[in-house]
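Structural features, examined
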Amino acid sequence: MKNINREELLSAAEIARRVKELAAEITAAYGGRRVLLVCVLKGAVVFASDLMRYLDLPVEIDFMAVSSYGSETATSGAVRILKDLDSSIQGKELLIVEDIVDTGLTLDYLCKNLLSRKPASLKVVTLLDKPARRKVEFIPDFCGFEIPDYFVVGYGLDYNQDYRQLPGIHILHPEKGELQPEG
Ligand code: PRP
């Protein structure tokens, strides 16, 4: 793994504490009802697998993979579904699990797409929220941490597919042009 300069923003212990708190909030919100977790690949895998173990509810999980069409069309919010859910969600209580909300375009699209399939309810939990980067208004129902506009990696988040396995969240500092500006 390339040794790019990084500094820890959130430790594994801080994340674990907050994930348990979020799980308690979510457990209370669903009052014993069955919930279908929709984990958005790949970044949310670590968060979803930790979170679900603390939910005191009947839980199912399914996975979606999406990718944005690219910078020219990004402002349109056009998102391509690379992997869809395995089965119908009609009448189910859905909780989308994301690692980060940035521009909001991915979740704006996903929510509209999933709502058109008539679930009983739809909520969103994100571990991280960067409100400073929003291009469309989007407010998650549950949020772990609001963070400034840093490029962060670890706990599922990547830089060119590296660093997803770090137990904490780290800020990457651009060095010698290795870290290209986002978007
Ligand atoms: C990240 C994140 C969200 C999206 C948020 O995924 O997991 O899905 O970007 O950005 P937005 O609010 O600007 O739409 P990414 O495309 O990095 O894919 P990955 O999860 O596979 O790393």
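One structure accompanies this document, and this report is about it. By convention here, each chain's residues receive numbers from 1 onward along its written sequence. A pLDDT threshold of at least 70 governs which residues receive local features in this predicted model, and a stricter bar of 80 or more applies before side-chain atom pairs are shown or counted, although totals over entire chains, interfaces and linings include all residues. Just so you know, side-chain values use all the structure's heavy atoms and leave hydrogens and water out.

A word on the overall build of the protein chain
Short version of the rule: Helical segments are the DSSP runs of H or I of at least four residues, strand segments are the runs of E of at least two, and each set is numbered from the N terminus. Accessibility here uses a 1.4 Å probe with only protein chains present; expressed as a share of the type maximum, an area under 20% marks a residue as buried, one over 50% as exposed, and anything in between as partly exposed. The criterion used for residue contact is that any of the two residues' heavy atoms lie within 4.5 Å. We get accessible surface area from the Shrake-Rupley algorithm with a probe of 1.4 Å; when it comes to residues, only the shown protein chains can shield them.
In terms of helices and strands, the protein chain carries 4 helices and 9 strands. Secondary structure elements in the protein chain, listed N-terminal to C-terminal, are β-α-β-α-β-α-β-β-α-β-β-β-β. The 183 residues of the protein chain split such that 46% are buried. Of the contacts made within the protein chain by residues no fewer than 6 positions apart, 66% connect residues no fewer than 24 positions apart. Accessible surface computed for the protein chain: about 9,200 Å², of which carbon and sulfur atoms make up 50%.

Some remarks on the sheet that holds strand β1 (residues 6-10)
Here is the rule we go by: For two strands to be treated as a pair, DSSP must find no fewer than two bridges joining them.
If you trace the 3 strands from one edge of the open sheet to the other, you get β1-β9-β8, paired in antiparallel fashion. Each end of this open sheet is capped by a strand with a single partner; those strands are β1 and β8 (152-153). In this structure, β8 lies alongside strand β9 (residues 169-172), joined through 2 bridges in antiparallel fashion. The residue bridging V152 from the neighbouring strand is I171, located in β9.

Looking at helix α1 (residues 12-30)
For clarity, the threshold we go by: One less than the number of residues in a helix, times 1.5 Å, gives the span that helix is expected to have.
With 19 residues, α1 ought to run about 27 Å at 1.5 Å a step, and its terminal C-alpha atoms sit 27 Å apart, in line with that. Among all positions in α1, only I15, R18, V19, L22, A23, I26, T27 and Y30 are buried. Phi turns positive, to about 45°, at G31, one or two residues after α1.

What about the sheet that holds strand β7 (residues 142-146)?
Applicable threshold: In this analysis an axis means a line fitted to C-alpha atoms, helices contributing only their contacting stretch, and an angle means the value between N-to-C directions, from 0 to 180 degrees.
If you trace the 6 strands from one edge of the open sheet to the other, you get β4-β3-β2-β5-β6-β7, paired in mixed fashion. A single partner strand is all that each edge strand has here, and the edge strands are β4 (79-83) and β7. Within the sheet, the average angular offset between the axes of one strand and its neighbour, ignoring direction, is 30°. Bridge count for strand β3 (residues 59-68) against β4 is 4 bridges, and the pairing is antiparallel. Note on β4: the bridge partner recorded for S67 is R80. Against the sheet, helix α4 (residues 105-115) makes contact with β2 (35-41), β3, β4, β5 (93-101) and β6 (121-129), and its axis sits at roughly 170° relative to β5, the strand it touches most.

Section: the site of the ligand
As a reminder of what qualifies: Being near a molecule or strand, for a residue, comes down to having at least one heavy atom within 4 Å of it. The term polar contact refers here to a pair of N or O atoms within 3.5 Å; inside protein, the definition further demands a hydrogen-donor-capable atom paired with an acceptor-capable atom, and it admits residues adjacent in sequence only when both atoms are side-chain atoms. Gly is placed with the polar residues, together with every amino acid not listed as nonpolar (Ala, Val, Leu, Ile, Met, Phe, Trp, Tyr, Cys and Pro) or charged (Asp, Glu, Lys and Arg).
Around the ligand, a shell composed of 14 residues is seen, among which E98, D99, T103, G104 and T106 lie nearest. Between the ligand and D99, the relevant distance is 2.5 Å, taken from an oxygen atom to a side-chain nitrogen or oxygen of the residue. At 2.8 Å, a backbone N or O of D102 approaches an oxygen atom of the ligand. Isolated, the ligand exposes 500 Å² of accessible area, and the fraction of that covered by the protein chains is 73%. Secondary structure elements with two or more residues in the shell around the ligand: β5 and α4. Here the shell around the ligand gets 4 residues from one element, more than from any other, and that element is β5. Among the residues forming the shell around the ligand, the class breakdown is 4 nonpolar, 4 polar and 6 charged.

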